[in-house]
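# Structural description and commentary
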Amino acid sequence: MTQEELFKVLVAHCKEYGFIFPSSEIYDGLAAVYDYGQMGVQLKNNIKTYWWEAMTRLNENIVGIDSCIFMHPKTWVASGHVAAFNDPLIDNKDSKKRYRADVLIEEYLAKIEEKMDKEVAKGKKRFGDSFNEEQFRATNPNILREKQKYDEVHARYKAAEDANDLAEYKQIILDCGIVCPISGTANWTDVRQFNLMFSTQGSNNAGADDKLYLRPETAQGIFVEYLNVQKTGRMKIPFGIAQIGKAFRNEIVARQFIFRMKEFEQMEMEFFVKPGTEMEWFKKWKENRMKWHVALGMGEENYRFHDHEKLAHYANAATDIEFNFPFGFKELEGIHSRTDFDLGNHQKLSGKKIQYFDPESGESYVPYCVETSIGVDRMTLAVLSHSYCVEQLEGGDSRVVMKIPAPLAPIKVAVLPLVRKDGLPELAQKVVDTLKYDFSYQYDEKDSIGKRYRRQDAIGTPFCVTVDNDSLVDGTVTVRDRDTMTQERVKIEDLRSMIEQRVSLTNLLRKL
Ligand code: GAP
């Protein structure tokens, strides 16, 4: 199965087992908007708890807030979103479909790369062990021709990006013969800037002044509350403010399931520091955040840093933590050293003094800020895509199993009476009573035990506890491990601590 096919299967699995549904599906859905079902919401909540506790419990100098989606419209002028939160957009006049001009060009470049890779694969097959990829790439005429094309288009694209030259974007699209995948034509409009913020109208007075935006990031809620939190919390620099909440962006290319949505959730932490110390903190937060990811056990090799060469005008350092999604390594989290850009601009526009008085040095300054920002939905997709496996079993059978890191699993334990008689359901209910205060659980007595195991595998339940006739005699039950499928007899009174060992968030936090 190709990665693309596998991804489609994962999307279908997420729907079938109550993780994620297309929004308003009975009306044929709404593009790039998804709802979380009964399993998805628990997985997402567990991810949020892991992040929240890691930030606010393990760091004495980080506190959390919950600010509103609506903010004073000047917020978005100060943050630069009104002027510059744009994507270059182009429409195809025949299909009436809208695209991001930069994405069309990037996809064209990716296709050239693919062609070169295919050529390399052919060479490998032909020459076997004696194959020298470097030499092959430097001499093969097909690759050299494609490479020249790639370099030329890439150089023009980067220059257009730097100069914000929208006419050149269109010219590249025309010169490369890029056509609309729906109409197949190159009947394009001019490229224009499209602001990604959703807006609505307040009710106080009609007119432009009353335009309200749905926040495109949660970070600004932190910046505008900086003074309140610093004063009421008697916070001393360095300190951080964390927040989890919804953000909205009118994404033009909203594809890849929950990777890029119009309504999504962010977990952001702004760490305020003394100017001049920001690089040291940037480095610390890079390490700290990578540790948080790796502790989940989804494979160190599946993460990498992508340091930004081209920095936004307000940043003096920036990196992405990329994850190996089914469609390749892509941004999962951003870590930015944002200088005093946000607080400084809010100070200017609001006219309120936003400064920190350092009692030790006696100086006042606008703090600098290091930001960590991760999308909850992207993190959920990382977990889901990494966890999905199809395993071949002895006897030609196969099983679909979600190997979700146990502390994040929506359901931690399933309690299953072997048969629906002989007092087994009653004993199983007693087992439930011993577990329900500590763990999310499912009780299931329908179908064969094999089918019930498969249902739990498909939602990623780490433990299945089977109550059988021996349980009535010796007070033990069979515990089946999701990943190894091994079974062991455990006393009912030892179940809680045994399960706790594997699924506890506390143990996960201890790794940090
Ligand atoms: N305050 C900084 C900020 O918002 P960003 O790189 O635009 O930076 C941060 O977004 C994170 O939010 C991304 O790394 C990604 O995980 C998530 N994110 C951004 N846009 C998203 C979208 N349309 N759908 C889902 N997640 C998104």
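On a plain count of helices and strands, the protein comes out with 18 helices and 23 strands. In the protein, which comprises 512 residues, the proportion classed as buried is 50%. When contacts within the protein are restricted to residue pairs at least 6 apart in sequence, long-range pairs at least 24 apart make up 65% of them. When the accessible surface of the protein is split by element, carbon and sulfur atoms take 50% of a total near 25,600 Å². Charge centroids of the protein, computed over 70 positive and 78 negative side chains, lie 2 Å from each other.

Note: interface size is frequently given as the accessible area lost on complex formation between the parts. For the protein, the assigned domains read domain 1 (1–71 + 196–202 + 212–401), domain 2 (86–195) and domain 3 (411–510). Its C-alpha centre places domain 2 at a distance of 53 Å from the equivalent point of domain 3.

Another aspect to go through is the side chain of Ser471. Checked against the element boundaries, Ser471 lands in helix α16 (residues 469–474). For Ser471, a relative accessible area of 2% gives the class buried. Side-chain polar atoms of Ser471 contact the backbone nitrogen of Asp468, separated by 2.9 Å. Not counting residues within four places of it along the chain, the set of residues in contact with Ser471 comprises Leu427, Thr466, Thr476, Val477 and Arg489.

Attention shifts here to the site of the ligand. In the vicinity of the ligand, 20 residues are found, and the nearest of them are Glu217, Arg249, Met261, Glu268 and Glu331. Contact between the ligand and Glu217: a nitrogen atom at 2.6 Å from a side-chain N or O atom of the residue. Glu251 is positioned with one of its side-chain polar atoms (N or O) 2.8 Å from a nitrogen atom of the ligand. Compared with its free state, where it exposes 560 Å², the ligand has 91% of that area covered by protein. Contributing elements (two or more residues each) for the shell around the ligand: β10 (263–273), β13 (328–337) and β16 (368–375). Of the residues in the shell around the ligand, the class split is six nonpolar, four polar and ten charged.

Turning next to the packing of helix α7 (residues 141–163) against helix α8 (residues 166–175). α8 packs onto α7 with a crossing angle of 160° between their chain directions and a minimal axis gap of 9 Å. The orientation of α7 with respect to α8, classified from their angle, is roughly antiparallel. As for the relative orientation of α7 and α8, their crossing is left-handed in sense. Only Glu168, Tyr169, Gln171, Ile172 and Asp175 of α8 make contact with α7, whose side of the interface consists of Val153, Arg156, Tyr157, Ala160 and Glu161. When its residues are assigned to classes, the contact of α7 with α8 shows five nonpolar, one polar and four charged.

Counted according to the given criterion, the structure contains 21 aromatic pairs. Relative to Phe136, the ring of Phe127 has its centre 6.5 Å away and its plane inclined at 65°; by these criteria the two rings are edge-to-face. Residue classification places Phe127 among the partly exposed positions, given a relative accessible area of 40%. Residue classification places Phe136 among the buried residues on the basis of a relative accessible area of 9%. Each residue in the set Phe7, Tyr34, Phe257, Phe259, Tyr303, Phe323, Phe325 and Phe327 is aromatic and connected to the rest through ring pairs, giving one cluster.

Right, let's get into the side chain of Thr476. Tracing the backbone through its elements, the reader meets Thr476 in strand β22 (residues 476–481). At a separation of 2.8 Å, a polar atom in the side chain of Thr476 contacts the side chain of Asp474.

Time to look at the nonpolar core. Membership of the largest hydrophobic core comes to 59 residues, with the highest contact counts inside it found for Phe19, Trp51 and Met379. Split by domain, this core shows at least three residues from each of two domains, domain 1 (1–71 + 196–202 + 212–401) and domain 3 (411–510). Sequence-distant contacts of Trp51, defined by excluding residues within four places in its chain, comprise Ala242, Gln243, Ile244, Met267, Glu268, Met269, Arg289, Trp292 and Ile374. Core analysis: the next-biggest nonpolar cluster, separate from the first, contains 26 residues, Ala101, Leu109, Phe131 and Tyr169 among them.

With that settled, the discussion passes to unusual backbone geometry. The omega torsion across Ile237 and Pro238 is 5°, close enough to zero to call that bond cis. The backbone of Thr339 sits at a positive phi, close to 50°, despite the residue not being glycine. Counting through the fold element by element, Thr339 comes out in the loop between β13 and α12 (341–350). What makes Thr339 buried here is its relative accessible area of 15%.

For the rest of this paragraph, the subject is the sheet that holds strand β6 (residues 192–195). Paired through their backbone hydrogen bonds, the strands of a sheet run either parallel or antiparallel. As summarised here, the arrangement of the three strands in space is β5-β4-β6, forming an open sheet in which the pairing is antiparallel. Both outer strands of the open sheet, β5 (98–100) and β6, are each paired with one neighbouring strand and no more. Ignoring which end each strand starts from, the neighbouring axes of this sheet average 50° apart. Pairing of strand β4 (residues 86–91) with β5 involves three bridges; the strand directions are antiparallel. Looking at the pairing, Asp91 lines up with Arg98 of β5. Its contacts with the sheet put helix α5 (residues 101–127) on β4 and β5, and the angle it makes with β5 is roughly 70°.

The next point concerns the sheet that holds strand β12 (residues 317–325). Strand order in the open sheet made by the seven strands is β3-β9-β10-β16-β13-β12-β11, with mixed pairing throughout. Bordering the open sheet on either side are β3 (62–65) and β11 (303–307), each of which pairs with just one other strand. Going across the sheet, the axis of each strand differs from the next one's by a mean of 25°, ignoring polarity. Pairing between β13 and β16: five bridges, direction antiparallel. Counted as the bridge partner of Ile335 is Thr372 from β16. Lying on the sheet, helix α13 (residues 376–387) is in contact with β9 (239–248), β10, β12, β13 and β16; it crosses β12 at an angle near 35°.

Bringing a nonpolar patch on the surface into the picture now. Among the surface-exposed residues, Val77, Val82 and Leu349 lie close enough to one another that they form a single nonpolar patch of about 220 Å² accessible area. Accessibility expressed as a relative area gives 46% for Val77, which makes it partly exposed.

The N-to-C vectors of helix α1 (residues 3–16) and α13 enclose an angle of 110°; their axes lie 10 Å apart at closest approach. Classified by the angle their axes make, α1 and α13 are roughly perpendicular. On α13, the residues touching Phe7, Leu10 and Cys14 of α1 are Leu381, Leu384 and Ser385. Across the contact of α1 with α13, the residue classes tally to five nonpolar, one polar and no charged.

Calculation notes
- Residues numbered from 1 in each chain as written.
- Predicted model: local features only at pLDDT ≥ 70, side-chain atom pairs only at ≥ 80, totals over all residues.
- Heavy atoms only, no water.
- Helix = DSSP H or I, 4+ residues; strand = E, 2+ residues; numbered from the N terminus.
- Buried < 20%, exposed > 50% of the residue type's maximum accessible area, 1.4 Å probe, protein only.
- Contact = heavy atoms within 4.5 Å.
- Areas by Shrake-Rupley, 256 points an atom, 1.4 Å probe, with all protein chains shown as cover.
- Lys, Arg positive; Asp, Glu negative; His and termini not counted.
- Charge placed at Lys NZ, Arg CZ, Asp CG, Glu CD.
- Domains from an automatic or database assignment.
- Polar contact = N/O pair within 3.5 Å; in protein donor to acceptor, adjacent residues only side chain to side chain.
- Near = heavy atom within 4 Å.
- Nonpolar A, V, L, I, M, F, W, Y, C, P; charged D, E, K, R; others polar.
- Axes fitted to C-alpha atoms, helices over the stretch in contact; angles between N-to-C directions.
- Parallel < 35°, antiparallel > 145°, perpendicular 65-115°, else oblique.
- Left-handed = near helix turned anticlockwise from the far one by under 90°.
- Phe/Tyr/Trp six-rings, centres within 6.5 Å; stacked < 30°, edge-to-face > 60°.
- Core = buried A, V, L, I, M, F, W, Y, C linked by side-chain atoms within 4.5 Å.
- Pairing = 2+ DSSP bridges.
- Patch = residues over 30% accessible without salt bridge, like charges linked within 9 Å, V, L, I, M, F, W, Y side chains within 5 Å.
- Salt bridge = Lys/Arg side-chain N within 4 Å of Asp/Glu carboxyl O.

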